[in-house]
Amino acid sequence: MKAVNAGVLFLIELGALAGAAYWGFTQEIGPTWLLGLAAPAVLVALWALFGSPRAKYRTSGAGRVGFEVFWFGAGALALFAAGAQVWAVAFAVVCVVSKALAVAWSQ
């Protein structure tokens, strides 16, 4: 089960990026391709700075929890704002369950 959850953790990271990209590509303002590429690029930059195992400013404890709530919440909110409310709720539920299991299993 731990191996499955590790895979799910990776997939929800990709899901947050996909949600941000989907939001960008569905906007009616400006060049949508630019928003579609910039939104996930911002999340990638934040992950590289604060979330990855080799992050320059690695977070821990409450800071880590706050960062992950913001990061994965951004993916869910992006889906919601793009009109995919059911997918946004489903994504948020999977994130909460997977992250809770990761904490319980020290992943």
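## Here's the deal with the overall build of the chain
Part 1: Within the chain, the regular secondary structure consists of 4 helices and 0 strands.
Part 2: Counting helices and strands in the order they occur from the N terminus, the chain gives α-α-α-α.
Part 3: Against the compact-globule benchmark of 13 Å for 107 residues, the chain has a radius of gyration of 14 Å, which places it among compact chains.
Part 4: Along the three orthogonal principal directions, the C-alpha set of the chain runs to about 45 × 30 × 20 Å.
Part 5: Within the chain, buried positions represent 34% of all 107 residues.
Part 6: Taking the contacts inside the chain whose residues are at least 6 apart along the sequence as the reference set, 51% of them involve residues at least 24 apart.
Part 7: Carbon and sulfur atoms provide 76% of the accessible area of the chain, an area that totals close to 6600 Å².

## Some remarks on helix α2 (residues 32-51)
Part 1: Compared with an ideal rise of 1.5 Å per residue, which puts 20 residues at 28 Å, α2 spans 27 Å between its outermost C-alpha atoms and is within 8% of the ideal.
Part 2: Those residues of α2 hidden inside the fold are in contact with α1 (2-26) and α3 (61-81).

## Here's the deal with the packing of α1 against α3
Part 1: Contact geometry of α1 with α3 gives a least axis separation of 8 Å together with a crossing angle of 40°. Here α3 runs oblique to α1, going by the angle between their axes. Between α1 and α3 lies a crossing whose hand is left-handed. Facing α1, whose interface residues are I12, E13, A16, L17, G19, A20, Y22 and W23, α3 presents W71, F72, G75, A78, L79 and A81.
Part 2: The residue inventory of the contact of α1 with α3, partitioned by class, reads 11 nonpolar, 2 polar and 1 charged.

## Here's the deal with the pattern of salt bridges
Part 1: Scanning the model with the defined rule gives 2 salt bridges in all.
Part 2: Where R64 meets E68, a salt bridge forms, and the shortest distance between an N and an O atom there is 2.7 Å. With a gap of 4 residues between them, R64 and E68 both fall in helix α3, about one helical turn apart.
Part 3: The exposure class of R64 is buried, given its relative accessible area of 17%.
Part 4: Residue classification places E68 among the buried residues on the basis of a relative accessible area of 14%.
Part 5: The salt bridge involving K99 is made with E68; its shortest N-O contact spans 2.9 Å.

## Examining a nonpolar patch on the surface
Part 1: A surface patch of nonpolar side chains, amounting to about 450 Å² of accessible area, comprises F25, W33, L34 and L37.
Part 2: It is α2 that provides the largest number of residues to the nonpolar patch, a total of 3 residues.
Part 3: With relative accessibility at 53%, the residue W33 sits in the exposed group.

Parameters and conventions
Residues numbered from 1 in each chain as written. Predicted model: local features only at pLDDT ≥ 70, side-chain atom pairs only at ≥ 80, totals over all residues. Heavy atoms only, no water. Helix = DSSP H or I, 4+ residues; strand = E, 2+ residues; numbered from the N terminus. Rg over C-alpha atoms; globule rule 2.2 N^0.38 Å. Buried < 20%, exposed > 50% of the residue type's maximum accessible area, 1.4 Å probe, protein only. Contact = heavy atoms within 4.5 Å. Areas by Shrake-Rupley, 256 points an atom, 1.4 Å probe, with all protein chains shown as cover. Expected span 1.5 Å × (residues − 1). Axes fitted to C-alpha atoms, helices over the stretch in contact; angles between N-to-C directions. Parallel < 35°, antiparallel > 145°, perpendicular 65-115°, else oblique. Left-handed = near helix turned anticlockwise from the far one by under 90°. Nonpolar A, V, L, I, M, F, W, Y, C, P; charged D, E, K, R; others polar. Salt bridge = Lys/Arg side-chain N within 4 Å of Asp/Glu carboxyl O. Patch = residues over 30% accessible without salt bridge, like charges linked within 9 Å, V, L, I, M, F, W, Y side chains within 5 Å.

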